[in-house]
Amino acid sequence: QITTVSGNEFLLQSDIDFLILDWFHAIKNAIDRLSKERSCTSRNSEFKLRRSSSIELLNSLDTESKEPKPEHRKSLIFRLNYSASDTNDRNRVKSRLKKFISRRPSLKTLQEKGLIKDQIFGSHLHLVCEHEKSTVPQFVRLCINAVEKRGLDVDGIYRVSGNLATIQKLRFVVNQEEKLNLDDSQWEDIHVVTGALKMFFRELPEPLFPYCFFEQFVEAIKIQDNATRIKSIRRLVKKLPRPNYDTMKILFEHLKKIAAKESVNLMSTQSLGIVFGPTLLRPEKETGNMAVHMLYQNQIVELMLSEYSKIFSSGED
């Protein structure tokens, strides 16, 4: 960081140490040259130079608040250079950082004090449901209601991407505020709502189809006999944790309504399978069979949509 007496500030950043060192030497040489050329007016063109990197951050705090005097300028520059004392400086900074981190309150403590709100995006499904005392996240219900209210006939619904900046804004609002009105004009683009809903499922630490069920669903979809395949998928779905089952049921019921409007929105069960397959289920560890897995992921979602009534019916097998 370079700060001039006139108030101009310049920040040069890089994670590459040798590049920072090159910049530092170039700037230092320029300052030294100007000092020689303008020795009589150096007080009017004074620079404060501080190497900006994480390991020097705490060391700079003591000097940052004070404008260095002309006679101290060279010592400040020299001290911030790479030198034999650099290792000691690093050790001091590490020690101070460890003390600082050890004094930080835990995430649980901050949440209990209300300083950090429970997040919706990026949290485990069962934790969101426990917090809301429900088995289906309220955000999922709100998005589904909004899409069914004004998006069933929209061409490419769920396939067309919404504005990412607006989606991120909606994500922030959901994580920070308890009440959300998707009828507000700022969310009028229904593709923003569908984009946020897909993002919610993508950011679950564990997918809607839990990791431990992935291989079982893949083996079930491989079964050649259709009746046996449906029965196997149904049996697996019934074994899912309650939040996963209830959320899956309401989501697939919704997607079935989307597919019923295929003639208008051009979204068939196959199209929805392609969109939601990788979003809703994936292996815990990616392997070389990603392309094959993606095919099965799509087929599982497509089958569950086309055979929704059989898979989610309340009757016994």
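Quick caveat, the model's predicted, so the values are computed rather than measured. The written sequence of each chain sets the order in which its residues are numbered from 1. Only residues with pLDDT of 70 or above have their local features reported here, since the model is predicted, and side-chain atom pairs are shown and tallied only from 80 upward, although totals for entire chains, interfaces and linings are computed over all residues. Side-chain calculation: all heavy atoms of the structure are included, whereas hydrogens and water are not.

Check the secondary structure of the chain and you find 16 helices and three strands. When the 317 residues of the chain are sorted by exposure, 41% land in the buried category. Throughout, a contact is declared for two residues whenever any of their heavy atoms are within 4.5 Å. In the chain, of all internal contacts separated by at least 6 residues, the share reaching a separation of at least 24 is 72%. Accessible surface, the chain as shown: approximately 18600 Å² in total, 52% of it carbon and sulfur. By definition, any uninterrupted DSSP run of H or I lasting at least four residues is a helix, any uninterrupted run of E lasting at least two residues is a strand, and each is numbered from the N terminus. The cut-offs for exposure are 20% and 50% of the maximum accessible area for each residue type, with area from a 1.4 Å probe on protein chains only; residues under the lower value are buried, those over the upper are exposed, and the others partly exposed. Per-residue accessibility takes into account occlusion by the displayed protein chains alone, with areas from the Shrake-Rupley method and a 1.4 Å probe.

Quick look at the nonpolar core now. Only buried Ala, Val, Leu, Ile, Met, Phe, Trp, Tyr and Cys residues count toward a nonpolar core, and they belong to the same one when joined by side-chain atoms within 4.5 Å. F209, F252 and M304 are the most contacted members of the largest nonpolar core, which has 67 residues in total. Not counting chain neighbours up to four residues away, the residues in contact with F252 comprise F209, L280, V301, M304, L305, Y308 and F312.

A few words now on the pattern of salt bridges. Side-chain pairs of opposite charge can arise where the charged atoms are in close proximity. Put simply, a salt bridge is a Lys or Arg side-chain nitrogen that is within 4 Å of an Asp or Glu carboxyl oxygen. A complete count under the given rule lists eight salt bridges for this structure. K310 is paired through a salt bridge with E307; the nearest N and O atoms lie 3.7 Å apart. Given the relative accessible area of 48%, K310 is considered partly exposed. On the accessibility criterion, E307 (17% relative accessible area) is buried.

Residues at a pLDDT of 70 or more form 67% of the chain, whose mean pLDDT is 80. One number per residue, pLDDT, summarises how confident the predictor is, and it ranges from 0 to 100. This model gives residues 42–85 a pLDDT under 50, and the stretch forms 80 contacts once residues within four places in sequence are excluded.

Glancing now at the side chain of T194. When you line up the elements, T194 lands in helix α9 (residues 190–202). Pairs of N or O atoms within 3.5 Å make up the polar contacts considered here, provided that, within protein, one atom can donate a hydrogen while the other can accept it, and that residues adjacent in sequence are counted only when both atoms are side-chain atoms. Of note is the side chain of T194, whose polar atom sits 3.1 Å from the backbone oxygen of H191. With residues up to four places along the chain from it excluded, the contact list for T194 reads V147, I157 and Y158.

Turning to the packing of aromatic side chains, a few remarks are in order. Whether two aromatic rings pair depends on their centres lying within 6.5 Å, for rings of Phe, Tyr and Trp, where Trp uses its six-membered ring; planes under 30 degrees apart make the pair stacked, over 60 edge-to-face, and the rest tilted. Using the criterion set out here, one finds ten aromatic pairs in the structure. With a centroid separation of 5.3 Å and 75 degrees between ring planes, the pair formed by F200 and F201 is classed as edge-to-face. Its relative accessible area of 0% is what places F200 among the buried residues.

Attention shifts here to the environment of E262. The topology assignment puts E262 in helix α13 (residues 262–265). The class of E262 is partly exposed, set by a relative accessible area of 40%. The spacing of E262 and L152 is 110 residues in sequence and 9.2 Å in space, taken between C-alpha atoms. For E262, the residues in contact, after removing those within four places along its chain, are M267 and S268.

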